[in-house]
Structures are given as structure tokens and as C-alpha cells.
Amino acid sequence: MNRPAFPSIPAFPARKPHWRWLLPALLIGLFLSTVLWLPWQAQRMESGERQEQLIADTLWVEQTIRFQFARDEESFRLIAAEIASGFTGAKLRDRLDVVVRSNRELSRLAQYDASGHLVLDVDDGSTAAAMVAVHGNPPPVLKIPQYSNPFPPPGRRAPFFMDYYVPLYAGETFVGTLVATYSLQDVLAEMVPWWFAQDNEIVMLDRDENAVAKRDSGGPGRGVYTHSRALDLPGNQLTLRTNSVKGTPKLMPSLLVASVIALSVGLAWSLWALWRDINRRLAAEGALRQQVAFRTAMENSLMTGLRARDLEGRVTYVNPAFCDMVGIPADELIGKRPPMPYWAPEALGEYQQRFSQVLAGRATPQYETVFLRANGERFPVLIFESPLVDETGRQTGWMGSILDISDRKKAEDLNRRQQEKLQSSARLATMGELASTLAHELNQPLAAISSYATGALNLVKNGKANREMLESALEKAAAQAQRAGQIIRSVHTFVKRREPSREPLTMHDLFNSLLPLVELQAREHFVATQIHIAPGLPRVLADRVLLEQVLLNLTRNAIEAMQHTAPERRILRMTAEADAAGVQASVVVSVIDHGHGIPQDVAERLFSPFFSTKAEGMGMGLNICRTAVEFHGGTLVYAPNPQGGTIFRFSLPALVEEAASAVQG
Ligand code: ADP
């Protein structure tokens, strides 16, 4: 048969190669390099900005100084003009004095005559001015105003000063020079704004790059951001060099560094955790895949049908064996609710009743029923139901294993039929053994009938017959004929092959019907029979013929065992007693003899088929007896008789309703 379509377990995707990590790794690399590049770029931009700022500020300072010098030059030119026009003496001194005091970068103002002699000299009274006063060089004769080179006071290396010479002309005649002396240190102190000085070291250099003045109130410059600016003055060139006290901007503020590091570490860790997690999952998936494959192979190879149902009775799973059994593909069964397509219509009631029990949570753990194949064929099944429990211990449905027991049933039937045949043959054999006895037994009534008939005939012939005599003879003949008929009937019923059928049976029934046959044998062997039936015994549900066969076998064995027993001890005793000791009340039948007993070597094989110690024995008697007793739900045992001989004993379960009253009785 073609296997019905069966849902296969989806194949898991194969493990992906390592390059699938490439993209995330690339992205993370990109992210990290961006994160690291950004502060660096920010630092570069910041330094660029700072440099530009410094250049702009330096320019601004240079302009300021230049502007101040220009203003001073203007005022000196005015004074020069005034001097040339005859403004001298005390008035000029006052005027110069005001100028010196109001311009703190100016240390001194002096007037020299045409021959270079000092005419007037005003200073700010500072030490610097005093130092300058002694340098006393005559000013050069110039056409236009001009600055001197920076110079230190005579005999000293610092501080530096710078003169501004304004030649005085009266018309075309040179009449002298106005000399303004600047303290270069003060020029820086006064002309450079404080906010600029705070952030920068400012150095003034002469033509030869010698520092002639310096202002570093904000601390020494770091040499990172520097700028030089020429301060071109007539007759002189000074350079203004600024050097910021600020260092290179830090690559990253520590918080930023910390967060970048934390972020990177966190990212790396989470990647690692993800990788580990994925690996674990892959391993678990692999194990699961193996498990599933193993289970699928197992389920597919099973001969037993498997069927799972949820709590509402809907089919959730069937294995191929089940589909094969009922001949319906899995996809037609899964999700189906009763009535099922494999339910035989005639047994619907039984199924429904069982199904409602399943719904109520009371599934019968094991039962036999009949299923219907798709081709209409019925087959017996044995079903085991067990609860289906999920991982939390909650019941989610029922799992049933279904066995097709058609073959077993057939074998059982065959076995039963053979057993019956065997029993019947055994009965025939028994009768064969009894044949001569039977013939003898039948001979007696037949002879009696014959003599009664002959006697009656003679009476009729002789004309002596009266009605009473004839009636008596015929009645006796009829009685003998009945007796013979009874023997024949009992032989017939005993031998007839038939289905076992049970009926309620009293021990009296059993013993009475059997007794004629038993006594036949007993008499032949000069054995006395004793029967004891305990009063008030319950009936048993039994097959009369089978039990007769058992008793006949046991009594025959007992009689044969007493062949060599002293005649006075040749007693066959049959008893029936109640036994309430077991789980169920029963009747115990014993067959007791005083025979030769059963030696150990015989005992071991006693119930084996075809075991016999007798020359013409078949060896099936006890084997059949035991099967027959067990068929009735009883047991057959034997024990040595304390008075010599053997006791064979078998029990038969009492009829339930009678057992209780019998025990009470
Ligand atoms: P068979 O009677 O044909 O030999 P059985 O199965 O009835 O077959 O008995 C098997 C053997 O058991 C007998 O041959 C005999 O040796 C022994 N046996 C059976 N019943 C008795 C008994 N009551 N006393 C002694 N031996 C017995």
C-alpha cells in the first residue's frame, strides 16, 4: 500500500558560513572609527579656530599699537610745530609734562637744539626715565620724524627703550629735535588689552629677532599657537610675536573618552554575548534536530499506530503506522473531530460513549474495539490511552497507541478451535478406553430387556399373560431401555464436539450426571466411591461437559493409581467444599485416592502434554484438565494424600450473587 502523505518535519537551515558576521563587524568597525575620528576632527577644528582667533587678535593688537603710535606721532608733530613757532619755556614744559603723564608708555620727552644740546627735558619720574636720562646721545639730524632702534640704558641689558625723533624746522632751518622716549615694556603694558595678555605671551622683537619687551601676565606661551606680526615704523622695524598660553586642545574630554570606551566595551560585550547565545542556540537546534530526526525515524518505523488528541478530542498527530492501518492519509485525519472516518457505523454508540469519557478526562486505559479501514474492512484493535502532558505538567490531551490485533485474534481463534478438537479427541479416546466397560454396561440392560421381552412373549404364547404381568414386564423393559439410552446419551454428549458454553451448575448436577461413568470404571477395578458435597454450596458458572471431562480424567487416574492398593483401601473419594479464603469465593473439588502417589521425577512433568507412565496412556489427561479448569477461571493443583496416595484439587469461582449468601450460610 502506498504510504499516505505524511507531514514531514521541516528541515532546519544549514549553519551559515562565518561571513554573515562580516556585515555587523564592518558596521561596528565603521561606527568605532567614526566615534574615534569625530573627537580628533573636533580637536583639529578647535585648534584651527584657536589659531585663527590668535591671528585675528594679534592683528587687532598690532592695529591698536599702530593706532596709538600714530596718535602720539600726531601730537608730537603739533608740539614740534608749536616749538618751531616759538613756543618755549615754562609753557612748553607744562605742555610736555601733560603729554608724558597722560601717556604712560612714554618715559620722557626732551628737546634738543640744532647742535644736539639738551634744551628741555620732561620725564614721568620713574626709574626707567631716570635710566634713560643718562643715555644723553644727541639725536640725529633728520628730515622727517623717525624711530630709533630699541636700546637698553647705558651699561645695562634691559629694559629696552625706543626714541621717536621729530626734527624741528623753522622754515627751512633745522632748529633742533623733539625726542620722545618709549619704554617698550610699557608700550606692551599699556597698548595690549588685558584680555589678550591674559591668554597670550606677547614678545616684541627688534630687527635682529632679539626680545626687547615681553608681557606674560597669563603665564608663558605654550608654543602651540603662535603668530608674528611686523610692526613697521618709520626708521625701525619691530615684530610682535604672540604665543598662546593654551596648549593643544585635549583629544577628547574625559567624559567623552569614558563614554566612547564604555560604549565600545558594551558593544563588544553584547556582540560576544550575542555570538555566544547564537552558538548555544545553534547547538540546541542541532541537538533538537537530531532528536526530531531520531523520533521521526522511530515513529515511522513503529508497527504500532500512534494517535494524539487534544482535550477536545481533535486529532493532533498520527504516525504512518496508524495511517497505514486505517488507510487514510495524515492530512485528512489531523484536525478532525469525532465522528472519525475510521469508526465502524455499527459501533458508533460505543465510540461516542468512550469519547464522552475521554472528554470528561476519564479515558479507559486499555480496551479492544473495531476500526474501519478506508476499503470498508473491519479489524479489531487494542488501544492503550495515556494522558499527554506538556513540560509544565499540564495535561494537553491524550496519546493512544493502537495495535491491529487481527492476527492475534485469528491465532486465538485457531488455538481455541484446536484446543476444542483436542479435548474432543481426548474425550473420544477416553470413551475408547471405556468401550469394553460400556459394552458390558450396555449389555446388562439389553440382556434384561431381552429377557423381559422373551418372558413377556412366552407369557403371551402360553396364553398365561395377564395384563398386570405384561405391563410389569414391559415397564421393566422400558426402564432398562431408558437406562441404556441414558448411557448412550451421556456418551454422546460427552464425545460430541461443541463450543464451550457456560451455565449455572450445582455440584449435585455435576456429580450425578458423571457418577454412572465413574462407577463403571470403579466397579471394574473394585474401587469403592465416596462422595461428599458440603451443604449450601453456591453454584458455579461452568461448562458441564468440560467439567465432567476433568472429573472423569481425575477419577480414572485415581482408580488406575490404586490398582496395586490393598482392596480394603481402594477408596475413591470425591468432595466439593466452599472456599472463601481467596479473593473470590469459590468451590473446591477434590479427587482423593490411596494410590501409589506421584514420585518427584513424575511430578516435574506431570502436566506436560503426552507425558504418561502408563503403557497405553496418552499423557494428555492432566494437560487438558488444567486448560479446562483455567478456562473456568480456576486452578488445578495436586498434593500427596497424608493417608497415602494423591489428592487432585481444583477450584471454580462461585457465581457472584450466590457466593455471598453461601459464605454467610
Ligand atoms: P495418562 O493418564 O494418559 O497417563 P495423564 O495426563 O492423565 O495421562 O497422567 C499423566 C501421568 O500422571 C500418569 O501417567 C501418572 O503417572 C500420573 N498420575 C496422574 N494421576 C495420578 C494419581 N492420581 N496418582 C498417581 N499418579 C498419577
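Please refer to the structure higher up on the page.
Residue numbers run consecutively from 1 along every chain, following the written order of its sequence. pLDDT decides what is reported in this predicted model: residues at 70 or higher carry local features, side-chain atom pairs at 80 or more are listed and counted, and totals for whole chains, interfaces and linings draw on all residues regardless. Think of the side-chain values as coming from all heavy atoms in the structure, minus any hydrogens and water.

Trainee: Talk me through the overall build of the protein chain; I want residue IDs and the actual numbers.
Mentor: Secondary structure is summarised from DSSP: a helix means a run of H or I of at least four residues, a strand means a run of E of at least two, and numbering begins at the N terminus for each. Looking only at helices and strands, the protein chain has 16 helices and 21 strands in total. If you take every contact in the protein chain between residues at least 6 apart in sequence, the share linking residues at least 24 apart comes to 61%. Every accessible area reported is derived by Shrake-Rupley at a probe size of 1.4 Å, with residue values counting cover from the shown protein chains alone. Carbon and sulfur atoms make up 57% of the accessible area of the protein chain, which amounts to about 36,800 Å² in all. Any two residues whose heavy atoms approach within 4.5 Å are treated as being in contact.

Trainee: Explain the site of the ligand to me, and be specific about the residues and the numbers.
Mentor: Here a residue is considered near a molecule or strand provided that any single heavy atom belonging to it is located within 4 Å of it. With respect to spatial proximity, 20 residues lie near the ligand, and among them Asn 557, Asp 593, Ser 612, Thr 613 and Lys 614 are the closest. Asn 557 is positioned such that a nitrogen or oxygen atom in its side chain is 2.8 Å from an oxygen atom of the ligand. In protein, a polar contact means a hydrogen-donor-capable atom and an acceptor-capable atom, both N or O and within 3.5 Å, with residues adjacent in sequence counting only if both atoms are side-chain atoms; elsewhere, any N or O pair within 3.5 Å suffices. Measuring from an oxygen atom of the ligand, one finds a side-chain N or O atom of Ser 612 at 2.6 Å. Relative to its unbound accessible surface of 530 Å², the ligand loses 97% to contact with the protein. At the level of elements, helix 13 (544-561), helix 15 (621-631) and strand 21 (646-653) are the ones that each hand at least two residues to the shell around the ligand. At four residues, helix 13 tops the list of elements feeding residues into the shell around the ligand. Following the grouping adopted for this structure description, the nonpolar residues are Ala, Val, Leu, Ile, Met, Phe, Trp, Tyr, Cys and Pro, the charged ones are Asp, Glu, Lys and Arg, and the polar ones are all others, Gly among them. Taken together, the residues of the shell around the ligand sort by class into eight nonpolar, nine polar and three charged.

Trainee: Now, about the environment of Leu 541: what can you tell me, with residues and values included?
Mentor: Among the secondary structure elements, Leu 541 is positioned in strand 17 (residues 540-542). Between the C-alpha atom of Leu 541 and that of Arg 502, which follows or precedes it by 39 residues, the distance is 5.7 Å. Leaving out residues up to four positions away in the same chain, Leu 541 has contacts with Arg 502, Glu 503, Pro 504, His 632, Pro 653 and Leu 655.

Trainee: Before we move on, could you go through the packing of helix 13 against helix 15 and cite the residues and values that matter?
Mentor: Contact pair helix 13 / helix 15: the axes reach a minimum separation of 9 Å and the direction vectors enclose 145°. Of the two elements, helix 13 crosses helix 15, and the hand of that crossing is left-handed. Contacts from Leu 546, Gln 549, Val 550, Asn 553, Leu 554 and Asn 557 of helix 13 reach helix 15 at Gly 621, Leu 622, Ile 624, Cys 625, Ala 628, Val 629 and Phe 631. Of the residues contributing to the contact of helix 13 with helix 15, the split by class is nine nonpolar, four polar and no charged. Comment: axis = line fitted to C-alpha atoms, over the contacting stretch for helices; angle = value between 0 and 180 degrees taken between N-to-C directions. We call a crossing left-handed when the near helix sits turned anticlockwise from the far one by less than a right angle, and right-handed when that turn is clockwise.

Trainee: I'd love a proper account of the sheet that holds strand 19 (residues 586-592), names of residues and values included.
Mentor: Paired strands, in this sense, are two strands between which DSSP finds at least two bridges. Pairing within the open sheet is mixed, and its five strands lie in the order 16-18-19-21-20. Strands with a single pairing partner mark the edges of an open sheet, and in this sheet they are strand 16 (528-533) and strand 20 (636-640). For this sheet, the mean inter-axis angle between neighbouring strands, taken without regard to orientation, is 20°. Relative to strand 19, strand 18 (residues 571-579) runs antiparallel, the two sharing seven bridges.

All quantities given are derived from atomic positions and should not be read as evidence of function.
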